Every structure is written in C-alpha cells, then in structure tokens.
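Architecture at a glance
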Amino acid sequence: MLIESNYKEIEEDHGRKKSGMSFEEVIEECKLFYLAGQETTASLLIWAMVLLCMHPSWQTLAREEVFQVFGNHKPEFDDLNHLKLVSKILHETLRLYSSIPVLTRATYKETKLGEISIPPGILVSLPILMVHQDHEYWGDDAEEFNPDRFSHGLSKASSNNEVSFFPFSWGPRICIGQNFALMEAKLTLAMILQNFTFELSADYVHAPTVGITIQPQYGAHLILHNI
Ligand code: HEM
C-alpha cells in the first residue's frame, strides 16, 4: 500500500525526483510502523490480560459480552464496535498501563507553555502515566481498575476534559495507528476470551517496569484453560 501510494504521488507529479519518498525512506517508514505498532499493542494486550486475571468478575463480564455478540463464531470486523465493555477495559488498561508512559519533546524556538516561557533546546517531558493517575482529574480511586469510568465516553471519563487521557499522544503527531491498534486489540482479546479462561500463575510477580513501553519485569506468567 505504501509503495503503491508513493508511486502514485511520483507519477502524478510527472516523475519529478523530489516528490514521493526514496527507497530508503520507504524502508525506514516500514521499520517505524513495525517498531511503533508491535511492542505497544503487545503491551496493551498483556496488561489487559493481567488486569482481567486480577479482576475475574470483569473477565466474566467481558466473556459474556463476547459470546453475546459473536456466539461461537469467529469475531467479524463489522461487529467489533458492539464490544462496548471490552472497549472500556482496553481504555482503562491504557490509562493504568499506558503502553508509552512518557513522551519527550524538544523546543526549537522560544515557546510559551501557559505562563511559562521555555527557551530553545529544552527537553520537555510529557508524563502520560502520571497524568493518567492524577487524583485531581481521576478522583480518589485513580489507581483502581474501574472500566466503568469510561461508560460515558473518553471525554467524560475524567474531570478535566479529554486531555487528561492521551495514551496515543495528542496534536499533529498523534499515533497514526490508534484506530488500527484498538481494533486489533479488541479482536485479539475477544478471541482469547472466547476460547480460554485465564488466571495468574502462583509465581507471577507484579513488577511493571518502564522502558520505552511498560513491561512486566519478570514476565507475565498466566495459566490459560481451554473453554
Ligand atoms: C496500543 C497501541 C499503541 C499505542 C499506545 C501507541 C502510541 C503512540 C504514541 C504515544 C505515539 C506518539 C509518539 C511521539 O509523539 O513521540 C505514536 C506514534 C506513532 N504510532 Fe503508535 N501506538 C500504538 C499502536 C500503533 C500501531 C498499531 C501502529 C501502526 C500500525 C502505530 C504507528 C505509529 C506511528 C507510525 C507513529 C509516528 C507518527 C508520527 O510521528 O507522526 N502505532 N504511537
């Protein structure tokens, strides 16, 4: 698709050398898509499963919804938006275990941020995970797993409008794959819920560790039982 659209752009510009991407740029874009899309979605899925093990009543409710929507059939793309509860679980997982916990930006010119003036060349950290658990925005139960806080949509989940929830970043550089990622995660989680019940193994140690993504430091030891 990428190569096709690149060719089209070059053709439409009468083959001018400067339009479209070079072969090397296409390769770099493919690498970026792989890196940006794989670890992040895997992290979302693993924490969603760990949380559903820790909160088995939510696991049961999510499975009931999956069977209500798909029965024993393979989940179809068109019906994924009927999975309201599974969506809430994924959003709550992204709030508590935001795949990318911190973003960094560098100022290239003097920049005003509210009352603060920042000179060029300064690194600014956007602590996604901290904002996602700030009591001021999320209430006293900010650290607790409660998918119902997303019942009235993303913008109403917190007390200070939607910018307190930004697992996919915000603005012009917002994640280009966010809809794809949520669809992929919904489909995968639905298929897992349809086929297995799962629980934490006795040797699971809860130790989320922060690298580029949040990972379970000693692995996620889960026991799956066929349904
Ligand atoms: C749960 C899954 C995902 C999360 C939490 C996530 C999060 C993010 C975040 C926070 C950024 C902004 C990075 C920055 O501004 O420095 C980003 C950028 C990006 N993401 Fe995702 N992402 C996910 C899945 C995906 C998938 C599945 C793809 C591709 C299929 C993808 C492709 C990209 C690309 C290409 C960028 C760079 C966009 C740009 O710089 O303009 N992401 N993602």
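What this report covers is the structure whose coordinates are included nearby. (Residues numbered from 1 in each chain as written. Predicted model: local features only at pLDDT ≥ 70, side-chain atom pairs only at ≥ 80, totals over all residues. Heavy atoms only, no water.)

With that settled, the discussion passes to the overall build of the protein. Per the secondary structure count, the protein includes seven helices and eight strands. Taken along the three principal axes of its C-alpha coordinates, the protein extends 60 × 45 × 35 Å. A burial count over the protein gives 35% of its 227 residues as buried. Sequence separation of at least 24 residues holds for 64% of the intrachain contacts in the protein that already meet a minimum separation of 6. Carbon together with sulfur atoms contributes 58% to the accessible area of the protein, which is approximately 14300 Å² in total. Of the charged side chains in the protein, 17 are positive and 29 negative; the average position of the first set lies 6 Å away from that of the second. (Helix = DSSP H or I, 4+ residues; strand = E, 2+ residues; numbered from the N terminus. Buried < 20%, exposed > 50% of the residue type's maximum accessible area, 1.4 Å probe, protein only. Contact = heavy atoms within 4.5 Å. Areas by Shrake-Rupley, 256 points an atom, 1.4 Å probe, with all protein chains shown as cover. Lys, Arg positive; Asp, Glu negative; His and termini not counted. Charge placed at Lys NZ, Arg CZ, Asp CG, Glu CD.)

Before going further, it helps to examine the pattern of salt bridges. Scanning the entire structure with this criterion turns up five salt bridges. R149 is paired through a salt bridge with E92; the nearest N and O atoms lie 3.0 Å apart. Here the residue R149 occupies a position in the loop between helix 6 (135-138) and helix 7 (178-195), and E92 occupies one in helix 4 (residues 84-96), the gap between them amounting to 57 residues. Like E92, R149 is buried. One network of salt bridges, with partners in common, ties together E92, R95, D141 and R149. (Salt bridge = Lys/Arg side-chain N within 4 Å of Asp/Glu carboxyl O.)

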